[in-house]
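# Close look at the chain arrangement
Each chain, letter by letter, is given below.
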Amino acid sequence: MEFWAIAELNGDDFTIRIGDGVRPALARLWADALADTGFVDGIGTPFPTDTIDPVDVALQWLTQHEQNHFDLGHFDLLDRTAIGETARSLDFSISQRRPVLPDRLTVLEGADRTKVEPCLELQADHDATESVLGAYSKDGWPELHGRMAAIASMMMLIEREDAAYGAAISTHPKAATRIFQLLGHAMEMPLITAHLIAQENRRDAVSPDDLPSDEEQSAFNRTVIIPAYFDAVHLARIAGAESIAADLGDVQSFFADIQIAKLSNASRSPDLSTTGAQEWAELVRINDQLKAIQGL
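What counts as what
- Residues numbered from 1 in each chain as written.
- Predicted model: local features only at pLDDT ≥ 70, side-chain atom pairs only at ≥ 80, totals over all residues.
- Heavy atoms only, no water.
- Pairing = 2+ DSSP bridges.
- Helix = DSSP H or I, 4+ residues; strand = E, 2+ residues; numbered from the N terminus.
- Axes fitted to C-alpha atoms, helices over the stretch in contact; angles between N-to-C directions.
- Polar contact = N/O pair within 3.5 Å; in protein donor to acceptor, adjacent residues only side chain to side chain.
- Contact = heavy atoms within 4.5 Å.
- Core = buried A, V, L, I, M, F, W, Y, C linked by side-chain atoms within 4.5 Å.
- Buried < 20%, exposed > 50% of the residue type's maximum accessible area, 1.4 Å probe, protein only.

## Here's the deal with the pairing of strand 2 (residues 13–18)
Judged from the six bridges that link them, strand 1 (residues 5–10) and strand 2 form a sheet pairing that is antiparallel. Along strand 2, the bridge assignment pairs isoleucine 6 with arginine 17. As consecutive antiparallel partners, strand 1 and strand 2 are separated by two residues, and within that stretch glycine 11 has a phi angle of approximately 70°, a positive value.

Right under this line is the structure:
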């Protein structure tokens, strides 16, 4: 059984294909996780297996991620008919054509060209995460927490597969980078409604009346966001991918980097201390250049 996924264009037909080893790999990881005392105790609340199946959620996220490559125009940007989710994916491509960057992207600096595909992966991640996590609800914290862990598990298995394949240059961000973006998005979820209301009313700033209370935001971070970080650390251990935990960094450093990222202060990028945050900042810089090329 093989662990891979690929999105392909064949004429006007768009297809997503997933290798037969993906679901079994997820099932093994989650069976081990739910039997692991460190993981279960670290969650802080019972894992919501009554409302979600983490394997199904992870596959939903993967499928939406592949769909997003099409929706976000990545095939046109790359002049490509196939985009794979692991280094080995293109071995299963119908076209069998190995990727070459089109001329429009050669304006990037040489070192930055190798980061184009990881940038696009983070774009697809972001929209898939928005779709799978859904809207913020105070009553939905346990399910949101479980969905985040499910998404993180898929990110880890992708990196583990790439490491086993031994690709010289990865076309994907590190799992820690993807998890950094995942938790950063989740931290902002309680504020999204207030920002949308401000936009609809053409206000420069959100109204405090539209924001959750400080107590609610603090409780959300304490009972969902911080445990989600430890979920990722434990899942990395259970998956046999200790390097991912190292890339995440310790809890204080991880969340200090999240705060720097929330400020969107490029001048403070050198202050980022964790590997995942550092790669995230690098890809955000290159992504700004890609948007200019795309006319966005």
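What follows continues from the structure just given.
## As for the sheet that holds strand 3 (residues 82–84)
Within a sheet, each strand pairs with its neighbour through backbone hydrogen bonds, oriented either parallel or antiparallel. The sheet built from three strands is open, its strands ordered 2-1-3 with antiparallel pairing. One side of each edge strand has no neighbouring strand; the edge strands of this open sheet are strand 2 and strand 3. The average undirected angle you get between the axes of adjacent strands in this sheet is 10°.

## Focus: the side chain of aspartate 36
In this fold, aspartate 36 is placed in the loop between helix 1 (22–34) and helix 2 (37–43). A polar side-chain atom of aspartate 36 sits 3.0 Å from the main-chain amide nitrogen of glycine 38. Here aspartate 36 is in contact with Arg237 and Ile238, once residues within four sequence places are set aside.

## Quick notes on the nonpolar core
Considering soluble globular proteins, one finds that nonpolar side chains tend to be buried as a cluster. Core analysis: the largest hydrophobic core is formed by 81 residues, its most contacted members being Met148, Met154, Leu183 and Phe255. Of the residues forming this core, the biggest block, 12 residues, is contributed by helix 7 (residues 141–165). Those residues in contact with methionine 154 that lie beyond four places of it in its chain are Phe3, Val22, Leu26, Ala58, Leu59, Trp61 and Leu62.

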